[in-house]
Amino acid sequence: MKTTYQWLKDFVEIKVGPEKLADKLTMAGIEVKSIQAAGGDFVFEVEITSNRPDWLSVAGLAREIAAITKTRGRQPAAQVKLKYKKGKENLGILIKDKKDCPLYTAKIIRGVKVGPTPDWLAKRLELIGCRSINNVVDITNYILFTYGQPLHAFDLDKIGHKAEIVVRRAKKQEEILTIDGVKKPLDENILVIADQAKPIAIAGVMGGKDTEVDGSTKNILLEAAIFDPVVIRRGRQKLGMQTDSSYRFERGVDHQTVNIASVAAANLICQVCGGELTLVKAAGNRGPQEKEIILNLEKVSRLLGVDISSAQAKKILDPLGFKTRLSGPGLKVSVPLFRQDVKQEADLSEEISRIYGYENIPLTLPAFYPQNQDLAAGNFISSLKNMLTGLGLNEAITYSLIDRRILQGFSGLPTVIEVENPLSQEQEILRPSILPSLLKCVGHNLNQKQEDIRLFEIGKIYRQDQGDFKEEPVLGLALCGTASIYLEGGTVKDNLGILYLKGIIENIFLRLGISGWEFKQSGNQAEVYLAGKKIAELFDLSGKQLELFEIKNKHVACAWLCLESLENSAKLEKKYVKPALYPGIARDISLLVKERVSAADLLKAVKQAGTALLAESAVRDYYKGKQVPEGFRSITITCLYRSPERTLTEAEVNPLHASVCQALTAGFQAQIR
Amino acid sequence: MPGFDLDAVKNQIEQDAATVDSLLKLEELRVKYLGRKGVLAELTAGIGAVPPQERAGFGQKVNVLKNTLNALVAEKQKLFSPRSGQSPASSFDIGMPGINQNLGHLHPITQVVDEICGIFTSMGFVAVSGPEIETEYNNFTGLNIPLEHPSREAFDTFYLKPAGGNQRQRYLLRSHTSPVQVRVMKTAKPPLAVVVPGRVYRPDAVDASHLFMFHQIEGFMVDKGIRFSDLKGVLDVFVKRVFGKDVKTRFRPHFFPFTEPSAEVDVSCIICKGKGCSVCGKKGWLEILGSGMIHPNVFKNVGYEPKKYSGFAFGMGIERIAMLKYGINDIRLFFENDLRFLRQF
């Protein structure tokens, strides 16, 4: 909201300059966004929080300034004597539902001359960014900004022949052409002001074109009312409108101000535009009663951490418009009607601390003791992230909301959760898989000519499950490109393939104390099982599958892992195991096997044939290419035989190893080289 | 006599010696030529086939070869022996790239979250997490935010289409981390000191400082006798540890439906040191935190007695803090995951 320094001075004595005033307002909770010198005045742009509609006016701000700068305010009196000529005419006001409209007042002014606005008034409106229309309309706006009470002037002669104002909900299929020249469809959610035939204004939002005050207007009906904040809010949201009026009605206008403002407006119209007030009518409820709050200063002092006496509190609250009486150790505070936001002691604590000055409250540290509640999520995720960066991966964070089109080409996905009000197609659904997001990052980095891409993300995936929404954390991995490995012997270039992923995953398992996992392959993808449950999937993607992500002529190895399974299976308590006491005997077997023979199967056979004396066995080397026939590969398996009880002899190991070799040659048609 | 062409043997020895670059290869060389069945032994054994008049000369030449070889082996032995105390002069070039282990990088958001959570946990807070799919109650009503009030405007929200079937609740994507306050307080009793990092969602148009998804950290402390001055003290410690000891803090009144009194926390601009620059809008202050004393209505909603307990809560946007800390001027960079960006942190 904008206001000016001189305008404020109409209502309060200001002894400080604009800069200093801005500073004081900001520190009292009225944030001054900017000050601009213009036309011999200073324009303040202030941000008013939604709980303080009483600050949405010059008079309201002036009251605050008087309190914080300890000067005298010139607040308008609650009762203004109105001199008017009572005519013979009458006006009916029919409020269909007093919940929608607790108060409606109308004043008829006859014989006005509509014309240009006096300079002083036009200038003030211009400074705060309000365009001058004509003297009558400008006065209603001026009063709105001065007192915070929205007003509307109708051309009386354009209202239907039998003078009656009806405040009602619109009917289905009714419509109205508003003064901005746009036809608005109405319905029963929208409150309107109507004559006997049709709506003439959208209540609290905007008037109708048909009853607009223009150059030919002679007689006007001046409306000042209170409308239900929620009704106004729903209506204007539905119509996609927001006006200075609706902004104030939504936040709540004050019963007493209706009278003050409408009288001030009527007086100013008569004074500026000529004309005579001929009728004053009101309908609706009596205003609410002032609330009383008992304020316990001891409690307030305890809450704030600073001692506030009753006398101090009184000195703070009275200038803000509260009426206070000392009552025992506390204070009886009666809350002015324009402060509907003050409902309980806590709200008064804020008023006291605000004016006392937050900067005057000391810094303390709470007396605190260590938590004994088992709330902490632990640092599982944090340590996992550190392992992954240690393994050479970079952490990505991607959006959980995605475009459903990037899921094309992924099969076996669950039912997705859809967003009701996305701003664009890119935010349509919650991702059911973490991989598309990571593939997008891979695509981006390839575009940026990155050669060695290794990414991970820990984030959630979302799905529908039997009419319920589920979110679950996963680890996503994606590798693409070439790793350049510098070695003493020279540089080796290697494609980042699925075995890199396997290595990463196994490293994590080992570090987490997980054992007994199993990789199962089907085509160009693999799954990881732990205790019979699938906990991860690995993919080697290429060609068409990657087109959507702008990845061409590349393979991407990617995987997801279920984080809960990882966390639940982790065994982080360590137990020391003594190293083997007796030396073992190592034997290598170099095999030539058909390519489709799985290394895992070979190792299984080795283990079985090796009996309990085979302490360790592993693939030590593999080779494909020259010297190995097409369709075959060479694998070297190393076997370590060892006994926990004695030193083994060659005589014991030789026949055992022979049977291991025999198992391989017989079972897999392998050739020992 | 091709088998006894001593010049060829000599050449071969020279060639083989040139490839010796380790003790192992040296041993191979020694065995090949000086071994029991080595080349020289073979030559000596074959001396009978040499015409008698040439035998002496031949024997001499073989001896010379033997001596040369012995000297060579001894010299090389010295070279490769670790006890020699001297490394071979040119066996490495320190100008070559170090053999890289390719350490990866944590995302800057993670680093800032870890830093902030670390500061609070060192003060006795515990870090917890909560769901991103929330109920209207936890996101709004329970926090004293009426569903149809302008105070909700700061919390524009993504709603989720109901799941097929008979889902009674209306679900949304949390627009702040504060619903975790409601969740934690409903399940645990004071004293409590909790921090909650996480993703939040708001349907904001995307530009250099707005996104539809970002990260927040929520914190709150509840016990008997927690004071507003404690809020100031704790947050002052926090700000100084994140931004440095010289940074000033400023608490100014604000409005949040779930706290009363409420305070916005500003820090003196870390770019211009409070003099006024484009980052702070010439004000010298940067807004970084919202905070306040937990509203009695929130306590009522979770079943705490407002008369018995008091507490404070605060919340902040992680991207904003990361942008200030690292001098990043576009929030979208965090989610592009460009390796040239990630590798800087």
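Residues numbered from 1 in each chain as written. Chains lettered and ligands numbered in written order. Predicted model: local features only at pLDDT ≥ 70, side-chain atom pairs only at ≥ 80, totals over all residues. Heavy atoms only, no water.

## Quick notes on the overall build of chain B
Looking only at helices and strands, chain B features twelve helices and nine strands. The C-alpha radius of gyration computed for chain B amounts to 39 Å, which surpasses the reference 20 Å derived for 345 residues by more than 25%, pointing to a less compact arrangement than a globule. Projected onto its principal axes, the C-alpha positions of chain B cover 120 × 60 × 40 Å. Burial analysis of chain B (345 residues in total) assigns 52% to the buried set. Taking the contacts inside chain B whose residues are at least 6 apart along the sequence as the reference set, 66% of them involve residues at least 24 apart. When the accessible surface of chain B is split by element, carbon and sulfur atoms take 52% of a total near 16,100 Å². Averaging the positions of the 43 positive and the 35 negative side-chain charges in chain B gives two centres separated by 5 Å. (Helix = DSSP H or I, 4+ residues; strand = E, 2+ residues; numbered from the N terminus. Rg over C-alpha atoms; globule rule 2.2 N^0.38 Å. Buried < 20%, exposed > 50% of the residue type's maximum accessible area, 1.4 Å probe, protein only. Contact = heavy atoms within 4.5 Å. Areas by Shrake-Rupley, 256 points an atom, 1.4 Å probe, with all protein chains shown as cover. Lys, Arg positive; Asp, Glu negative; His and termini not counted. Charge placed at Lys NZ, Arg CZ, Asp CG, Glu CD.)

## Focus: unusual backbone geometry
Negative phi values dominate among residues other than glycine, just as trans dominates among peptide bonds. With an omega dihedral of 5°, the bond running from Pro-190 of chain B to Pro-191 of chain B counts as a cis peptide bond. Tracing the backbone through its elements, the reader meets Pro-191 of chain B in the loop between helix H7 (179-187) and strand E4 (192-201). For Gln-173 of chain A, which is not glycine, the phi dihedral falls at a positive 75°. Inspection of the secondary structure assignment puts Gln-173 of chain A in the loop between strand E7 (164-169) and strand E8 (175-177). Exposure remark for Gln-173 of chain A: the relative accessible area of 76% places this residue in the exposed category.

## Re the side chain of Gln-427 of chain A
Mapped onto the fold, Gln-427 of chain A is located in the loop between strand E20 (417-418) and strand E21 (429-430). The residues contacting Gln-427 of chain A, other than those within four sequence positions of it, are Leu-401, Ile-402, Val-419 and Pro-422 of chain A together with Phe-158 and Phe-212 of chain B.

## A closer look at the interface of chain A and chain B
Taken residue by residue, the interface counts 93 residues in chain A and 94 residues in chain B. Surface buried jointly by chain A and chain B totals about 8,000 Å² across both partners, of which 56% is contributed by carbon and sulfur atoms. On the chain A side of the contact with chain B, Tyr-358, Ile-397 and Tyr-399 of chain A bury the most area, a combined 10% of that side's loss. Along the contact surface separating chain A from chain B lie five salt bridges. As a salt-bridge pair, Arg-170 of chain B and Glu-420 of chain A come within 3.1 Å of each other at their nearest N and O atoms. Where chain A meets chain B, there are 36 residue pairs in polar contact (both at pLDDT 80 or more). For the side of chain A that touches chain B, the element with the most residues is strand E22 (residues 452-465) of chain A, which contributes eleven residues. Residue composition of the side of chain A that touches chain B, by class: 37 nonpolar, 29 polar and 27 charged. (Buried area = accessible area lost by both parts, 1.4 Å probe. Salt bridge = Lys/Arg side-chain N within 4 Å of Asp/Glu carboxyl O. Polar contact = N/O pair within 3.5 Å; in protein donor to acceptor, adjacent residues only side chain to side chain. Nonpolar A, V, L, I, M, F, W, Y, C, P; charged D, E, K, R; others polar.)

## Regarding the sheet that holds strand E30 (residues 614-623) of chain A
Where strands meet in a sheet, backbone hydrogen bonds hold them as pairs that are either parallel or antiparallel. All names here are of chain A. Taken in spatial order, the four strands make up an open sheet running E30-E31-E29-E32, and their pairing is antiparallel. Looking along the sheet, the strands with just one partner apiece sit at the ends: E30 and strand E32 (671-672). Pairing analysis gives eight bridges linking E30 to strand E31 (residues 632-641), with the strands arranged antiparallel. Among the inter-strand pairings, Ala-618 is bridged to a residue of E31, identified as Thr-638. (Pairing = 2+ DSSP bridges.)

## Brief notes about the environment of Leu-391 of chain A
Residues and elements named next belong to chain A. Mapped onto the elements of the fold, Leu-391 is located in the loop between helix H12 (380-390) and strand E18 (394-395). Looking at Leu-391, the relative accessible area reads 26%, which means it is partly exposed. Separated by 244 residues in the primary sequence, Leu-391 and Ile-635 have C-alpha atoms spaced 26 Å apart. Here Leu-391 is in contact with Ile-504, Asn-507 and Ile-508, once residues within four sequence places are set aside.

## Points about a nonpolar patch on the surface
On the surface, Ile-485, Tyr-486, Leu-487 and Val-492 of chain A together with Ile-99 of chain B cluster together into a nonpolar patch covering about 390 Å² of accessible area. No other element matches strand E23 (residues 468-487) of chain A, which puts three residues into the nonpolar patch. As for its position among the elements, Ile-99 of chain B is in the loop between helix H4 (52-80) and helix H5 (108-122). Note on Ile-99 of chain B: relative accessible area 39%, which makes it partly exposed. (Patch = residues over 30% accessible without salt bridge, like charges linked within 9 Å, V, L, I, M, F, W, Y side chains within 5 Å.)

## Describing the layout of surface pockets
Residue and element names in this part refer to chain A. Size it by volume and the second largest pocket reaches roughly 2,200 Å³. Every residue lining the second largest pocket is counted, 48 residues in all, and those nearest its centre are Leu-499, Lys-502, Gln-521, Ala-599 and Ala-600. A total of eight residues in the lining of the second largest pocket trace back to one element, the largest contributor, which is E30. Looking at side-chain class alone, the lining of the second largest pocket contains 21 nonpolar, twelve polar and 15 charged residues. Structurally, the lining of the second largest pocket is a two-domain feature, drawing no fewer than three residues from each of domain 4 (380-569) and domain 5 (585-672). (1 Å grid on protein atoms, 1.4 Å probe; cavity = no way out; pocket = protein on both sides within 12 Å on 5 of 7 lines; lining within 4 Å. Points joined across faces, edges and corners; volume = space filled by probe spheres on them. Domains from an automatic or database assignment.)

## Here's the deal with empty space enclosed by the protein
What the rule picks out here adds up to four cavities of 30 Å³ or more. The computed volume of the largest cavity comes to approximately 70 Å³. If you list the elements that add at least two residues to the lining of the largest cavity, you get helix H11 (345-356) of chain A together with strand E6 (249-256) of chain B. Counted by class, the lining of the largest cavity contains three nonpolar, four polar and four charged residues. Empty space within the second largest cavity amounts to approximately 40 Å³. Considering the residues around the second largest cavity, the lining is formed by Arg-52, Asp-54, Trp-55, Gly-60, Arg-63, Glu-64, Leu-320, Phe-338 and Arg-339 of chain A. Residues belonging to the lining of the second largest cavity are distributed by class as follows: three nonpolar, one polar and five charged. When residues of the lining of the second largest cavity are sorted by domain, at least three fall in each of domain 1 (2-69) and domain 3 (291-356) of chain A.

## A look at the pattern of salt bridges
Working definition: two side chains of opposite charge can pair if their charged atoms are close together. Enumeration over the complete set of coordinates arrives at 60 salt bridges over all chains. The closest approach of N and O atoms between Lys-161 of chain B and Glu-418 of chain A, which form a salt bridge, is 3.4 Å. One end of the pair, Lys-161 of chain B, is in the loop between helix H6 (136-139) and strand E3 (171-173); the other, Glu-418 of chain A, is in strand E20, on a second chain. For Lys-161 of chain B, a relative accessible area of 35% gives the class partly exposed. Residue classification places Glu-418 of chain A among the partly exposed residues on the basis of a relative accessible area of 25%. For Lys-470 of chain A, the salt bridge goes to Asp-465 of chain A, with nearest N and O atoms at 3.1 Å. Taking the relative accessible area as the measure of exposure, Lys-470 of chain A reaches 33% and is therefore partly exposed. Here the salt bridges share partners, and the residues they tie into one network are Glu-31, Lys-33 and Glu-47 of chain A together with Arg-250, Arg-252, Asp-266 and Glu-287 of chain B.

## Observations regarding the packing of H5 of chain B against helix H10 (residues 318-326) of chain B
Residue and element names in this part refer to chain B. Running from amino to carboxyl end, H5 crosses H10 at an angle of 100°, the nearest separation of the two axes being 10 Å. In this view, H5 runs roughly perpendicular relative to H10, as classed from their interaxial angle. The segment H5 lies against H10, with Pro-108, Ile-109, Gln-111, Val-112, Val-113, Glu-115 and Ile-116 engaging Ile-318, Glu-319, Ile-321, Ala-322, Lys-325 and Tyr-326. Looking at the contact of H5 with H10, its residues break down into nine nonpolar, one polar and three charged. (Axes fitted to C-alpha atoms, helices over the stretch in contact; angles between N-to-C directions. Parallel < 35°, antiparallel > 145°, perpendicular 65-115°, else oblique.)

## Here's the deal with the confidence of the model for chain B
Any region with low pLDDT has predicted coordinates that should not be read closely. Mean pLDDT for chain B: 88, with 95% of residues reaching 70 or above. With pTM at 0.85, the complex prediction returns an ipTM value of 0.88. (pLDDT = per-residue confidence, 0-100.)

## Some points on the domain arrangement of chain A
Many authors give the size of an interface as the accessible area that is lost as the parts come together. Taken domain by domain, chain A comprises domain 1 (2-69), domain 2 (92-284), domain 3 (291-356), domain 4 (380-569) and domain 5 (585-672). Averaged C-alpha coordinates put domain 2 of chain A and domain 5 of chain A at centres separated by 94 Å.

## Here we look at the side chain of Thr-211 of chain A
Among the structural elements, Thr-211 of chain A can be located in the loop between strand E12 (206-207) and strand E13 (220-226). The exposure class assigned to Thr-211 of chain A is buried, which follows from its relative accessible area of 1%.

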